[in-house]
Amino acid sequence: PQSVCKKGELADEFFILISGQAHIIKGVTGYAVELEAGTFFGEAMFRDANAVRTATVETARNSRLAILKIADWERFKSTCSSSGRTLGRWKTLGK
């Protein structure tokens, strides 16, 4: 297994599992949830720029991940704002 992110680290990246498999590891018992291709994790960065990871994630076998860094997300939001577009609709989808 290879560590993708660790509990307690700054949550400054969002991940989409393109292929392979990963495990979310929480608490003293370790393994908690198995992730398959098409799932995502690290969404805490969208809620709070100072959020920290609440769990460790490790790949279970050869895996491909798409990674969105918070700096790229902020640049995207800024581009939308300066062009008059809004991300407000995205906010209401999760409620």
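Residues numbered from 1 in each chain as written. Predicted model: local features only at pLDDT ≥ 70, side-chain atom pairs only at ≥ 80, totals over all residues. Heavy atoms only, no water.

**Student:** Whenever I open this one, the pattern of salt bridges confuses me. Can you help?
**Tutor:** Opposite charge on two side chains permits them to pair, given that their charged atoms come into close proximity. For the structure shown, the criterion picks out 2 salt bridges. For Glu-13, the salt bridge goes to Lys-69, with nearest N and O atoms at 2.5 Å. Of the two residues, Glu-13 sits in strand E2 (residues 13–19) while Lys-69 sits in strand E7 (residues 64–69), which places them 56 residues apart along the sequence. Looking at Glu-13, the relative accessible area reads 17%, which means it is buried. Since its relative accessible area comes to 42%, Lys-69 is described here as partly exposed. (Salt bridge = Lys/Arg side-chain N within 4 Å of Asp/Glu carboxyl O. Helix = DSSP H or I, 4+ residues; strand = E, 2+ residues; numbered from the N terminus. Buried < 20%, exposed > 50% of the residue type's maximum accessible area, 1.4 Å probe, protein only.)

**Student:** Would you take a moment to explain the packing of aromatic side chains for this structure?
**Tutor:** Two measures describe an aromatic ring pair: the distance that separates the ring centres and the angle between the ring planes. As enumerated under the stated definition, the model contains 5 aromatic pairs in all. Taking 5.0 Å as the distance between ring centres and 20° as the angle between the ring planes, the aromatic pair formed by Phe-15 and Phe-41 counts as stacked. Of the two residues, Phe-15 sits in strand E2 while Phe-41 sits in strand E5 (residues 40–41), which places them 26 residues apart along the sequence. Assigned by exposure class, Phe-15 and Phe-41 land together as buried. Ring centres of Phe-46 and Trp-73 lie 4.8 Å apart, and the angle between their planes is 75°; this geometry places the pair in the edge-to-face category. Taken together, the residues Phe-46 in helix H1 (residues 44–47) and Trp-73 in helix H2 (residues 70–82) connect sequence positions 27 residues apart. Given the relative accessible area of 33%, Phe-46 is considered partly exposed. Note on Trp-73: relative accessible area 13%, which makes it buried. (Phe/Tyr/Trp six-rings, centres within 6.5 Å; stacked < 30°, edge-to-face > 60°.)

**Student:** Can you walk me through the sheet that holds E2 in this structure?
**Tutor:** Each strand in a sheet pairs with its neighbour through backbone hydrogen bonds, running either in the same direction (parallel) or in the opposite one (antiparallel). In spatial order, the strands read E5-E2-E7; together these 3 strands make up an open sheet with antiparallel pairing. Whereas interior strands pair on both sides, the edge strands pair on one side only; in this sheet they are E5 and E7. Sheet analysis places E2 next to E5, joined by 2 bridges and oriented antiparallel. Looking at E5, one finds that Ile-16 is bridged to Phe-40. (Pairing = 2+ DSSP bridges.)

**Student:** I'm lost on the environment of Lys-7 in this one. Help?
**Tutor:** Note that Lys-7 resides in the loop between strand E1 (2–5) and E2. A sequence separation of 20 residues divides Lys-7 from Gly-27, and the C-alpha atoms of the two residues are 9.7 Å apart. Apart from residues lying up to four places away in sequence, Lys-7 is in contact with Arg-53, Thr-54, Ala-55 and Thr-56. (Contact = heavy atoms within 4.5 Å.)

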